[in-house]
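What the coordinates show
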Amino acid sequence: MNENTTKRTTPRASDYLGGESPRARGERKRRRVLNWVYRWGYSSAEIIRQVAGQQAKGYANGLVKKGWLAQTKTESGTPRFLYTLSQSGLQESERMSDDLLRYPEIDPYKINQQQVRHYLLAQSATTNAQAANAIVDFLTERQFDQAGDKPGEKRPDVLWLLPSDEKIGVEIELSAKWDRRLNEFVFGVARALQRTTDKPAEYQRFAIVSDSPAIVRRYQAAMQPGSDLPIWIKNKRGHWQIEKVIPVPAWLIERVDFHLIGDD
């Protein structure tokens, strides 16, 4: 066997990467992570590892050392650090993105630390759905209409896009709602799922994600067919009062999924 034959039969790294070079594969991973952080604002080391498809830990720290991400300690210590885009990472993300998004986290101290656990659970639920091939894409809150919620309309924490072209609105619930807040939540979900002669349904299903079995049971009870659903309005003095009571639609519970999820 001559030298040329030996070179042709020696395995190359690209042979194990579907013809993709290690450099190209590494760049694709980096772009995927930067796009993820751009859309969510920030993330954790573990979620970044999952998004990158890395087995070993330390990928997020590697991107910090290369100048793509910035690392900031959390107030709670769980997780220990949050990762945001550096100036270079933001510029790269904007170059790759079809739609420009506001990115206040370029100053990581503008992050609302009270909401960190909430948004990391939303990210964790989304990575789980992606790993199961249950969704083809997603939209985060900052990708929705920047005007915010309108009266009687429900804007979810994240929107999942299914292979069937259906849309699932996902709500992360870490503390129980009561009285008016709970009634408005149920009404908002029902309205978002309801198709009328004037407009199609905004979403085909909703998913309520929580780390508390008790909260899941509470929402399931509130959405049982025929349960009383008070509708609230503000009176002339600006105080909330019940305008009327309607029954929970019989179809609602069939179009809402409930998921328990652990901390990242």
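Refer to the preceding data block for the structure.
We now turn to the structure provided with this report. (Residues numbered from 1 in each chain as written. Predicted model: local features only at pLDDT ≥ 70, side-chain atom pairs only at ≥ 80, totals over all residues. Heavy atoms only, no water.)

Things to note about helix H2 (residues 22-40)
With 19 residues, H2 ought to run about 27 Å at 1.5 Å a step, and its terminal C-alpha atoms sit 27 Å apart, in line with that. Regarding H2, the residues found buried are Lys-29, Arg-30, Val-33, Leu-34, Trp-36, Val-37, Tyr-38, Arg-39 and Trp-40. In the segment just after H2, Gly-41 is the residue with positive phi, at about 105°. (Helix = DSSP H or I, 4+ residues; strand = E, 2+ residues; numbered from the N terminus. Expected span 1.5 Å × (residues − 1). Buried < 20%, exposed > 50% of the residue type's maximum accessible area, 1.4 Å probe, protein only.)

Section: the packing of H2 against helix H3 (residues 45-52)
Axis angle and axis distance: for two packed helices, these are the angle between their axes and the distance between the axes, and together they describe the pair. With their axes 9 Å apart at the nearest point, H2 and H3 run at an angle of 135° to one another. Judged on the interaxial angle alone, H3 and H2 are oblique. Both H2 and H3 take part in a crossing whose hand is right-handed. Here H2 contributes Lys-29, Arg-32, Val-33, Trp-36 and Val-37 to the contact with H3, which in turn contributes Ile-47, Ile-48, Val-51 and Ala-52. Looking at side-chain class alone, the contact of H2 with H3 contains seven nonpolar, no polar and two charged residues. (Axes fitted to C-alpha atoms, helices over the stretch in contact; angles between N-to-C directions. Parallel < 35°, antiparallel > 145°, perpendicular 65-115°, else oblique. Left-handed = near helix turned anticlockwise from the far one by under 90°. Contact = heavy atoms within 4.5 Å. Nonpolar A, V, L, I, M, F, W, Y, C, P; charged D, E, K, R; others polar.)

Topic: the pattern of salt bridges
Throughout the structure, instances matching the rule amount to 12 salt bridges. Between Glu-92 and Arg-30 there is a salt bridge, with its nearest N and O atoms 3.6 Å apart. Separated by 62 residues along the polypeptide, Glu-92 in helix H5 (residues 87-96) and Arg-30 in helix H2 bring together distant segments of the chain. One exposure class covers both Glu-92 and Arg-30, and it is buried. (Salt bridge = Lys/Arg side-chain N within 4 Å of Asp/Glu carboxyl O.)

Focus: helix H7 (residues 179-193)
With 15 residues, H7 extends 22 Å between its outermost C-alpha atoms, agreeing within 8% with the 21 Å of an ideal straight helix rising 1.5 Å per residue. All buried positions along H7 are accounted for by Leu-182, Asn-183, Phe-185, Val-186, Gly-188, Val-189, Ala-190, Ala-192 and Leu-193. Residues of H7 that are buried sit in contact with strand E5 (167-172), strand E6 (205-210), helix H8 (213-222), strand E7 (228-234) and strand E9 (256-260).

With respect to the environment of Gln-91
For Gln-91, the position within the fold is in helix H5. Taking the C-alpha atoms as reference points, Gln-91 and Trp-68, separated by 23 residues in sequence, lie 9.6 Å from one another.

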